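Chain and residue survey
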Amino acid sequence: MAEERLTFKQMCARFDVTPRTLRYYEYIELLQPEREGRSRFYSPRECARMKLILRGRKFGFSLEGIRQWLLIYEKEGTEAQMRAWVTASERQLKELAEQRAQLDEAMAELQRLHDDTVGELEKRSA
């Protein structure tokens, strides 16, 4: 049984990305679809790479950081690349923790304002 390949349109739909985004990832060589004439087809390998790209974006990594991650994922990364990625991931974990603390603070403040306003409304309706 041949491995499942996705068309360009299917790839955009599966990963909820715009055609422009998908073409850009190809342009910067994060993805390398098979080409048959003008058509592009994405193998399971490209789908796995796309999952990693989107995960890296969600984690806040730059596209160059994601490129390094992809090399490591495919066991082609050098020891220096692996060390650099570990350093970058530690830095990003710290940044995400700071963002979480800021978000927790904002949520707590909003909850206090909400509760105060609900309390004021209850007083007025009593």
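Definitions and cut-offs
- Residue positions are given per chain, counted from 1 along the sequence in the order it is written.
- It should be noted that, the model being predicted, local features are given only for residues of pLDDT at least 70 and side-chain atom pairs only at 80 or more, the latter also being counted only at that level, while totals for whole chains, interfaces and linings use all residues.
- To obtain the side-chain values, all non-hydrogen atoms of the structure were used and water was disregarded.
- Each residue is placed in one exposure class: buried if its accessible area under a 1.4 Å probe, protein chains only, is under 20% of its type's maximum, exposed if it is over 50%, and partly exposed if it falls in between.
- Working definition of a nonpolar core: buried Ala, Val, Leu, Ile, Met, Phe, Trp, Tyr and Cys residues. They are joined through side-chain atoms within 4.5 Å.
- The contact criterion used is simple: two residues touch if any of their non-hydrogen atoms lie within 4.5 Å.
- Helix and strand assignments come from DSSP, with helices taken as H or I runs of at least 4 residues and strands as E runs of at least 2, each series counted from the N terminus.
- Any N or O atom pair separated by 3.5 Å or less is treated as a polar contact, with the protein-specific requirement of one donor-capable and one acceptor-capable atom, and with residues adjacent in sequence counted only for side-chain atom pairs.
- UniProt positions are given in the numbering used here, feature names are shortened, and annotations may be inferred rather than shown by experiment.
- To estimate the expected span of a helix, count its residues, drop one, and scale the result by 1.5 Å.
- Any Phe, Tyr or Trp ring, taking Trp's six-membered ring, that has another such ring centre within 6.5 Å forms a pair; planes under 30 degrees apart are called stacked, those over 60 apart edge-to-face, and the others tilted.
- Each ring is checked for a lysine NZ or an arginine CZ that lies within 6 Å of its centre and within 35 degrees of its normal; such an atom marks a charge sitting over the ring.
- When the sulfur atoms of two cysteines come within 2.5 Å, that pair is taken as a disulfide.
- A pairing counts as a salt bridge when a side-chain nitrogen of Lys or Arg comes within 4 Å of a carboxyl oxygen of Asp or Glu.

By the naming in an unreviewed UniProt entry, the protein is MerR family DNA-binding transcriptional regulator, taken from Sulfitobacter porphyrae.

What follows is about unusual backbone geometry. Although it is not a glycine, Asp16 adopts a positive phi angle of roughly 50°. Of note, the phi angle at Glu29 is positive, near 65°, even though the residue is not glycine. Overall, Glu29 belongs to the exposed group, its relative accessible area being 52%.

Counting residues in each nonpolar core, the largest one holds 22 residues, and the members touching the most others are Met11, Leu22, Tyr25, Leu30, Met50 and Ile53. Once you skip the residues sitting within four places of it in the chain, Met50 turns out to touch Met11, Phe15, Val17, Leu22, Tyr25 and Leu31.

Bringing the side chain of Gln92 into the picture now. Summarising the element assignment, Gln92 is placed in helix H5 (residues 79-125). There is a polar contact of 2.8 Å between the side chain of Gln92 and the backbone oxygen of Phe59.

The positions that UniProt labels "domain: HTH merR-type" (unreviewed entry) are, in the present scheme, residues 5-72. Annotated as 62% helix and 13% strand, the span residues 5-72 places its first and last C-alpha atoms 24 Å apart.

Compared with the 21 Å implied by 1.5 Å per residue over 15 residues, the 21 Å span of helix H3 (residues 44-58) between its first and last C-alpha is a close match. Looking at the buried side of H3, the elements it contacts are strand S1 (6-7), helix H1 (8-15), helix H2 (19-27), strand S3 (39-42) and helix H4 (63-73). Phi for Gly60, located one or two positions after H3, is positive at around 90°.

Moving on, we come to the packing of aromatic side chains. The tally for this structure, following the rule as stated, stands at 5 aromatic pairs. Consider the rings of Phe59 and Trp69, whose centres lie 6.2 Å apart with planes at 40°: the pair is tilted. You can see Phe59 sitting in the loop between H3 and H4 and its partner Trp69 sitting in helix H4, a full 10 residues away along the chain. In this structure Trp69 comes out as buried when scored by relative accessible area, which is 14%. Three or more aromatic residues link up through ring pairs in this structure, and these residues are Phe59, Phe61, Trp69 and Trp85. Over the aromatic face of Phe41 sits the side chain of Arg5, whose NZ or CZ is 4.2 Å from the ring centroid.

With that settled, consider the state of the cysteines. Evaluated as defined, the whole model comprises 0 disulfides. Cys12 forms no disulfide, and the closest cysteine sulfur to it belongs to Cys47, at a distance of 12 Å.

Counted by the stated rule, this structure contains 9 salt bridges. Of the charged contacts in the structure, one is a salt bridge between Arg14 and Glu4, with a shortest N-O distance of 3.5 Å. Pair noted here: Arg14 is in helix H1 and Glu4 is in the segment before S1, with a separation of 10 residues, a long-range link. Looking at Arg14, the relative accessible area reads 48%, which means it is partly exposed. Glu46 is the partner of Arg45 in a salt bridge, and the nearest nitrogen-oxygen pair spans 2.5 Å. Glu46 sits in the buried class, given a relative accessible area of 2%. Salt bridges here are not isolated pairs; linked through shared partners, they connect Arg5, Glu34 and Glu36.

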